[in-house]
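Commentary on secondary and tertiary structure
What follows is the residue order along each chain.
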Amino acid sequence: MKKNDMPAWDLSDLYQSINDPQISKDLEQYRRQTASFARKYKGKLATLSANEFLAAVQNIEKRSLIAARLGGFAYLNMVTQMKNSEAVMFYQSVEEKLTDYSKPAVFFSLEYNALPQAKINEWLKDKRVQTYKYWLKRLRKFKDYQLSEPEEELLLEKSLTSGDAWVRLYEEHSSRLEFTIDGKTYNDAELSKLLLDKDGALRLRAGAEMNRVFKQNSHLMTFIYNMVIKDKAVEDEKRGFKTPVSARNLSEDVSDESVEVLAQTVKKHYKDIAHRFYKLKAKWLGMKKINYWDRNAPLPFSNDVNYSWDEAVKIVLNAYKEFSPKLYKIAKDFFDHNWIDVPPRDGKRSGAFCSGPLASEHPYLMLNFAGKQNDVLTLAHELGHGCHHQLRTKNGELNEHSRMTSEEVASVFGEMIVFQSMLRNTTDDRAKLCLIASKVGDMINTAIRQIAFHFFELRAHTERKNGELSAERLSQIWVEEMRDSLGDYVVIDENSADIWPMVGHFFFLPFYVYAYSYADCFVNSLYQVHQSGTVDNFADKYLDMLSKTALEDYGKLLKPFGLNPNNAQFWEYGLSLISSYIDELERLDKKINK
Ligand SMILES: [Zn+2]
């Protein structure tokens, strides 16, 4: 496949280029407006009428749009060319300026949270103020965890050289890692492809090389990770969060208990899901036990189908259309307007993501499309994120926010409908087995493995309280959690013991990983409802739910589907879908080998 057949994204809806004269104009406007905002309102919030308060909120909204556009553009412009120092420096300079210029406005949330509720209720009687009610409620949520104004200012100012600096070092360093196999040099995205090769010996060489490079860099990675954890712990303690997960859970509106129930329920099913699956996988690969790097290997009897970009687009859009013409229409825009960066390139960040700097405007998708079946599902996944974002633009810049537990719902659901459509179009038993096996492998990576990651970071953060963790200790915890979750049929040895820094979320979004599992079980439950046909107009209700995921609590959102997330059975229901696929795999396996 020629790379030039695959589109690059067009960021001109944000800015024309880093030399766009509008950039310095916007930066200056942001600086001036923030300063005048502080002069006008600081120390006076309690005296404002509803009308005056509304003007203050509208000012915040306007500035937030400018900052999001600037920061978003600088970031997206950089991620496809991490080796271009001009792009990297531009990003850093915009971030520094935005942080600097935003300082005078730090008082607002502090002063707002010091107000008596009666004052806020009085403002909320005004219909125009009410349009911001979700945002105002969210601001209030952190009331008990806020520090004094000088402390908040200092934390913000220091973040560039503390927490954020470590993340930056991690990201820049990881993107420069090089791997050598048979005399040839690869970056991590290219190496990841070798890990999916049909040749088991090549997979092992690639995996072992991955482990070797991470081990070689373990001093730096361990140092960074210890700093990331400590930086967070210092702030958590000052703010009064009880556990390392608490801050994340609060911003998610999920209780510490529910996350604990999810994690424990998943752990309970390691055996009948992951362990059972890898036993089958070992059999298919003709091995007594598989290597860690064989988990996602294609089956020997699978057809190595390669998809062109156009084919992938057609498969995904057709499946979306079949589920809901409305969803299809939203999805199609991404292709018609070049909002997707498709081909892998040297210096481009690996993996895939959807990023919408402005809540009220369309987002962008970044892919590294290599034409594999998995790349088709990744497109379905990221497109799900994109549509989810588009369904929410009407909620306004301030009311919207990213809630990670539901952020992964539309994406995983999008993947599921594309998978089901691919399965329906497959008649051969062997091909069917391969497709389901690959899906189950992914589901285990999401629902099960991410919880093993969760336990890894929980233990790392807990042990860090007693001092820094050594590289050896981190590897040891990693190996224990991997063995526990993957089971006896997966070998975890010196070729995979040191790769924990591969999980970027440990660094840039601590305690994010459980959200994948949360969303996967959430979607699996929803999907079972869809399949059962018990809910009328499911697709419309589903899209309606997606439009409100940042606004309402999960109990309310799931009510139309007869689901209750506070019930442990909710998680079991989701996990049972994976179990049922493994039952189907065992059945197909017997049938084929008869
Ligand atoms: Zn995602």
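Residues numbered from 1 in each chain as written. Predicted model: local features only at pLDDT ≥ 70, side-chain atom pairs only at ≥ 80, totals over all residues. Heavy atoms only, no water.

1. Considerations on the nonpolar core
By size, the foremost hydrophobic cluster in this structure holds 172 residues, and its most contacted members are L383, W478, L526, Y542 and M545. With 16 residues, the single largest contributor to this core is helix α21 (residues 429-464). Non-local contacts of M545, meaning those with residues more than four positions away in its chain, are made with V409, F522, L526, L557, L558 and F561. The next biggest cluster of nonpolar side chains, apart from the first, holds 24 residues, and it includes A50, I120, W123 and W135. (Core = buried A, V, L, I, M, F, W, Y, C linked by side-chain atoms within 4.5 Å. Buried < 20%, exposed > 50% of the residue type's maximum accessible area, 1.4 Å probe, protein only. Helix = DSSP H or I, 4+ residues; strand = E, 2+ residues; numbered from the N terminus. Contact = heavy atoms within 4.5 Å.)

2. Side note on the sheet that holds strand β5 (residues 353-355)
Spatially, the 3 strands line up as an open sheet ordered β4-β6-β5, and their pairing is mixed. Two strands bound the open sheet, and with one partner strand each, they are β4 (340-341) and β5. In this structure, β4 lies alongside strand β6 (residues 364-366), joined through 2 bridges in parallel fashion. Bridged to D341 within β6 is M366. (Pairing = 2+ DSSP bridges.)

3. What to know about the layout of surface pockets
Here the second largest pocket is characterised by a volume of approximately 280 Å³. In terms of residues, the lining of the second largest pocket owes the most to one element, helix α12 (residues 218-239), which gives 6 residues. Here the residues of the lining of the second largest pocket sort into 5 nonpolar, 2 polar and 6 charged. (1 Å grid on protein atoms, 1.4 Å probe; cavity = no way out; pocket = protein on both sides within 12 Å on 5 of 7 lines; lining within 4 Å. Points joined across faces, edges and corners; volume = space filled by probe spheres on them. Nonpolar A, V, L, I, M, F, W, Y, C, P; charged D, E, K, R; others polar.)

4. A few points about empty space enclosed by the protein
One pass over the full model with this rule turns up 2 cavities of 30 Å³ or more. The space that makes up the largest cavity amounts to roughly 50 Å³. Where the lining of the largest cavity is concerned, the elements lending two or more residues are α16 (309-323), α18 (373-392), α20 (409-424) and α25 (538-546). Per-class residue counts for the lining of the largest cavity are 9 nonpolar, 3 polar and no charged. In this structure, the second largest cavity encloses a volume near 30 Å³.

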